[in-house]
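Inside the fold
Here is what each chain is made of, one letter per residue.
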Amino acid sequence: QPEEKTPEGKPEEKLPPVVVKKPEEKQPEEKTPVVTPKEAPVVLTTSVKDEKHGFSIQPPKGWTKVTRENVHLYYKGPKEDGIRVKLMVQVWETQGTLEEEVEQAYSREIHLGAKLLNKATTKIGGQKAFEWFSEARGNRMFVRYMTIHNGQTYTFAFVAHKNSYPRYAKLIKGVIDS
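All values derive from a computational prediction rather than experimental measurement.

Turning our attention to the overall build of the protein. Of regular secondary structure, the protein possesses 2 helices and 9 strands. Along the protein, helices and strands appear, N-terminal first, in the series β-β-β-β-β-α-β-β-β-β-α. For the protein, the residues scored as buried account for 36% of the 178 residues in total. Contacts spanning at least 24 positions in sequence make up 41% of the contacts within the protein whose residues lie at least 6 apart. When the accessible surface of the protein is summed, it comes to about 12,500 Å², and 50% of that surface belongs to carbon and sulfur atoms.

Spelled out as structure tokens, the structure:
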């Protein structure tokens, strides 16, 4: 093949072929998926009445009723993070104001090593009530509601592992509102 020349008459320099490389596609970074625990469904059973103490409650469906001394209603739910989820109702004759009853109950919890996380006023059955959250004994989260009605103090307590509690927040509120 004859040699190609430039317009000036010089032999044309042969360059290696140009290879166009596609830019490497950046692989998407592998991210650790964030697992949000599924919320426990708010499915309640039919109302359970305690005629002697004048209240009714709808416990979570599938939870087991257990008899326990000094607890008027006691339900055990699933075991999560090594701790059995529980719901308890206690009733006693009121000894003082709601604020005094709450303070006494909370003092007992502190004596047992609990740490108060939050305390607020709310309503249960149209009555003024207190709710408080505390953490104690092996990462247990305690959520308590207390109200007074007809000379009786009512305490609703929920216990779960502190990591499991968020799954049950709506369920417990549904039980309290029942």
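After that view of the structure, there is still more to cover.
Here the focus is the sheet that holds strand β4 (residues 73-80). Reading across the sheet, the 7 strands line up as β3-β4-β5-β9-β8-β7-β6 and stay open at both edges, with antiparallel pairing between neighbours. If you trace the sheet from one side to the other, it starts and ends with β3 (64-65) and β6 (115-124), each paired once. Set on the sheet, helix α1 (residues 98-111) makes contact with β5 (83-93), β6, β7 (127-136), β8 (140-149) and β9 (152-161); between it and β7 the angle comes to about 10°. The strands touched by helix α2 (residues 165-177) are β4, β5, β6, β7, β8 and β9; relative to β9, the strand with the most contacts, the crossing angle is about 155°.

Summing up the model confidence of the protein, the mean pLDDT is 77 and the portion of residues at 70 or higher is 76%. Considering only residues more than four positions removed or in separate chains, one finds that residues 28-36, a stretch of pLDDT under 50, has 0 contacts.

Another aspect to go through is the environment of isoleucine 110. If you trace the backbone, isoleucine 110 turns up in helix α1. Sequence separation between isoleucine 110 and serine 134 is 24 residues; the distance between their C-alpha atoms is 9.2 Å.

On to the pattern of salt bridges, then. What the rule picks out here adds up to 6 salt bridges. The partner of glutamate 99 in a salt bridge is lysine 128, with the nearest N and O atoms 2.7 Å apart. Here lysine 128 lies in strand β7 and glutamate 99 lies in helix α1, a separation of 29 residues in the sequence.

Taken as a whole and assessed by the stated rule, the structure comprises 2 aromatic pairs. Measuring from centroid to centroid gives 5.9 Å for phenylalanine 133 and tyrosine 165, while their planes differ by 75°, and the two rings are edge-to-face. Note that phenylalanine 133 is positioned in strand β7 and tyrosine 165 in helix α2, a separation of 32 residues in sequence. Assessed through its relative accessible area of 13%, tyrosine 165 is described here as buried. Measuring from centroid to centroid gives 5.9 Å for phenylalanine 158 and tyrosine 165, while their planes differ by 55°, and the two rings are tilted.

Tracing the sequence through the fold places arginine 144 in strand β8. Discounting chain neighbours no more than four positions away, the residues touching arginine 144 are Glu109, Phe130, Glu131, Trp132, Phe156 and Ala157.

Tracing the backbone shows proline 60 in the loop between β2 (55-57) and β3. Classification of proline 60 by relative accessible area gives buried; the value is 2%. Taking the C-alpha atoms as reference points, proline 60 and valine 175, separated by 115 residues in sequence, lie 7.1 Å from one another.

Regular strands place their side chains on alternate faces of the sheet. Burial runs high along β9: 9 of the 10 residues are buried. Two elements, β8 and β9, share 10 bridges in a ladder whose sense is antiparallel. Directly across from histidine 149, in β9, lies its bridge partner glutamine 152. Hairpin remark: β8 followed by β9, antiparallel, with 2 residues in the connecting loop; positive phi at asparagine 150, about 50°.

With that settled, consider unusual backbone geometry. The phi angle at aspartate 81 is positive, at roughly 50°, despite the residue not being glycine. Position of aspartate 81 among the secondary structure elements: in the loop between β4 and β5. A residue is classified by how much of its surface remains accessible, and aspartate 81, at 48% relative accessible area, is partly exposed.

About the thresholds
Residues numbered from 1 in each chain as written. Predicted model: local features only at pLDDT ≥ 70, side-chain atom pairs only at ≥ 80, totals over all residues. Heavy atoms only, no water. Helix = DSSP H or I, 4+ residues; strand = E, 2+ residues; numbered from the N terminus. Buried < 20%, exposed > 50% of the residue type's maximum accessible area, 1.4 Å probe, protein only. Contact = heavy atoms within 4.5 Å. Areas by Shrake-Rupley, 256 points an atom, 1.4 Å probe, with all protein chains shown as cover. Pairing = 2+ DSSP bridges. Axes fitted to C-alpha atoms, helices over the stretch in contact; angles between N-to-C directions. pLDDT = per-residue confidence, 0-100. Salt bridge = Lys/Arg side-chain N within 4 Å of Asp/Glu carboxyl O. Phe/Tyr/Trp six-rings, centres within 6.5 Å; stacked < 30°, edge-to-face > 60°.

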